Amino acid sequence: MIKSAIDDVTETTTQSLFKTSMIGLFGECTQILYDLRWMILLAIILILSDLWFGISASRVQGIAIRKSRAGRRTLNKLVDYICYILLGAVIGKAIGEPYGVDPIVVSITVMILCYCFEVDSIYGHICEIHGIKKRYSIWRILFKLLTLKFKDVGEAFKDMSEQKNQFKNTKDNEDVL
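Residues numbered from 1 in each chain as written. Predicted model: local features only at pLDDT ≥ 70, side-chain atom pairs only at ≥ 80, totals over all residues. Heavy atoms only, no water.

### Concerning the packing of aromatic side chains
Across all of its chains, the model carries 2 aromatic pairs by this definition. Between the aromatic rings of Tyr-81 and Tyr-115, the centroid separation amounts to 6.0 Å while the plane-to-plane angle is 80°, which identifies the pairing as edge-to-face. Taken as a pair, Tyr-81 in helix α3 (residues 67–96) and Tyr-115 in helix α4 (residues 103–129) lie far apart in primary sequence, 34 residues in all. In this structure Tyr-115 comes out as buried when scored by relative accessible area, which is 6%. Grouped by ring-pair contacts, the aromatic residues Tyr-81, Tyr-84 and Tyr-115 constitute a single cluster. (Phe/Tyr/Trp six-rings, centres within 6.5 Å; stacked < 30°, edge-to-face > 60°. Helix = DSSP H or I, 4+ residues; strand = E, 2+ residues; numbered from the N terminus. Buried < 20%, exposed > 50% of the residue type's maximum accessible area, 1.4 Å probe, protein only.)

Have a look at this one:
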């Protein structure tokens, strides 16, 4: 009888602790998503723009449009972006917050990197629609801006590029690693 009462109290306490911690965790996740609502809206707009311009580019090129594939890829991108937002927020909470970096800033940084891929895709579709053959990558422009601002970063990337080319040109790479 005493053992049964102790088990009931322990089980009730454990359940209450678990429920309270889950409610707190859910509340924090909801708050982060609320704080990033404009980033989520921007993601939706970019995804729909990519879909629109991708379909337009396919029509110009005479490629058959498969609606199921386009819809599946669009929904997949939407889910991916939500995952990236949450990943950035969790990284910000786990690593950034102890060092004084706001988790929202980390999440926004992750999302901006993802948005660069999407903007590059939209830009490619627009170039295809208008028949522009020579196009520049958003990543190349971003890289140039970064290396202009930070000379040491540019030198480091240049050294890495030279090492990569040297590695490719070397016939015997067995003892490198």
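After that view, the rundown keeps rolling.
### Some thoughts on a positive patch on the surface
Among the surface-exposed residues, Arg-66, Arg-69, Arg-72 and Arg-73 lie close enough to one another that they form a single positively charged patch. Structurally, Arg-73 can be placed in helix α3. (Patch = residues over 30% accessible without salt bridge, like charges linked within 9 Å, V, L, I, M, F, W, Y side chains within 5 Å. Areas by Shrake-Rupley, 256 points an atom, 1.4 Å probe, with all protein chains shown as cover. Salt bridge = Lys/Arg side-chain N within 4 Å of Asp/Glu carboxyl O. Lys, Arg positive; Asp, Glu negative; His and termini not counted. Charge placed at Lys NZ, Arg CZ, Asp CG, Glu CD.)

### Examining the packing of helix α2 (residues 37–61) against α4
Close contact between α2 and α4 brings their axes to 8 Å; oriented N to C, the two are set at 20°. By the angle between their axes, α2 is roughly parallel relative to α4. Between α2 and α4 the crossing geometry is left-handed. Within the contact of α2 with α4, the residues separate by chemical class into 16 nonpolar, 6 polar and 3 charged. (Axes fitted to C-alpha atoms, helices over the stretch in contact; angles between N-to-C directions. Parallel < 35°, antiparallel > 145°, perpendicular 65-115°, else oblique. Left-handed = near helix turned anticlockwise from the far one by under 90°. Nonpolar A, V, L, I, M, F, W, Y, C, P; charged D, E, K, R; others polar.)

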